[in-house]
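Structural description and commentary
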Amino acid sequence: SSGLSDGLTGTVTRSVFSSRLENVLENADDEEIYALCFVDLDDFKAINDTHGHATGDIALKSIGYLLREYERRYEGLVGRYGGDEFVLLMTDFDDENELRDVLEDLTAGLQVDVQSGDSVFSVGCSVGVSVWDHRVGADELMEQADQALHGVKQRGKHGYGVYQDGGKK
């Protein structure tokens with residue numbers, strides 16, 4: 001591995017994601033809707049502490065796999081941002097309504113069941129979303145998605161929130 005992709009989840013690394021995101025925005029189509037999502041596994045530390053890192057890794061793999069499906073479907077890009085955080089860029093939406101439907105879908109789908117020994121437990125995710133205004137740069141866009149994510153976490157996790165939106169969920 002040349003360090004371009006994350007060995008565990010097969011997504012690109014944080015630095016690769018950032019540079020590709022800048023590229024995408026620089027060559028963006030003015031009419032297109034671009035949505036950047038910060039995806040954070042809920043209570044990940046507790047999972048690692050209770051069930052061990054191998055189980056935590058399985059949860060990360062499952063989430064990474066799901067996000068790569070969305071990457072393919074919406075001409076996007078997914079990266080592993082930090083320990084339990086992913087970033088997902090999606091494009092190719094007809095309108096804001098389709099984006100909303102996809103976000104509902106995504107958030108519902110990001111609930112995975114993981115087996116640990118004899119027990120099965122469910123892992124949910126919080127998703128912070130920034131819809132690009134075609135003005136701000138990549139860093140600012142990431143910052144907005146991160147702020148949206150904090151909002152979701154404050155409201156009790158599992159769900160999504162859109163930046164400057166008062167949070168729909």
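Residues numbered from 1 in each chain as written. Predicted model: local features only at pLDDT ≥ 70, side-chain atom pairs only at ≥ 80, totals over all residues. Heavy atoms only, no water.

1. Description of the overall build of the protein chain
What counts, and what does not: In this text, helices come from DSSP runs of H or I with a minimum length of four residues, and strands from runs of E with a minimum of two, each type numbered from the N-terminal end. Radius of gyration: over C-alpha atoms. The globule rule applied is 2.2 Å multiplied by the number of residues raised to the 0.38 power. Each residue is assigned to one of three classes by its accessible area relative to the maximum for its type, calculated with a 1.4 Å probe on protein chains only: buried under 20%, partly exposed between the two thresholds, exposed over 50%. Here, two residues are considered to be in contact whenever any of their heavy atoms come within 4.5 Å of each other. Here the positive residues are Lys and Arg and the negative ones are Asp and Glu; neither His nor the chain ends is included. Charge placement uses NZ in Lys and CZ in Arg. For Asp and Glu, CG and CD serve respectively.
Of regular secondary structure, the protein chain possesses 5 helices and 8 strands. Beginning at the N terminus, the succession of helices and strands in the protein chain can be written as β-α-β-α-α-β-β-α-β-β-β-α-β. Relative to the compact-globule value of 15 Å for 169 residues, the protein chain shows a C-alpha radius of gyration of 16 Å, a close match. Taken over 169 residues, the protein chain has a buried fraction of 47%. Within the protein chain, residue pairs in contact and separated by at least 24 positions form 66% of the contacts whose partners lie at least 6 positions apart. One way to put it: in the protein chain the 15 positive side-chain charges average out to a point 6 Å from where the 33 negative ones average out.

2. Some remarks on the pairing of strand S4 (residues 85-90)
Going by this rule: Note: two strands are recorded as paired if DSSP finds a minimum of 2 bridges between them.
Burial of S4 is extensive: 6 of the 6 residues sit out of reach of the surface. A two-sided burial pattern is seen for S4, the buried positions comprising Glu85, Val87 and Leu89 on one face and Phe86, Leu88 and Met90 on the other. With 6 bridges joining them, strand S2 (residues 35-41) and S4 adopt antiparallel strand pairing. Counted as the bridge partner of Val39 is Phe86 from S4. Note that strand S3 (residues 77-80) and S4 share 4 bridges and pair antiparallel. Each residue of the ladder has a partner; that of Val78, found in S4, is Leu88. The turn linking S3 back onto S4 is made up of 4 residues.

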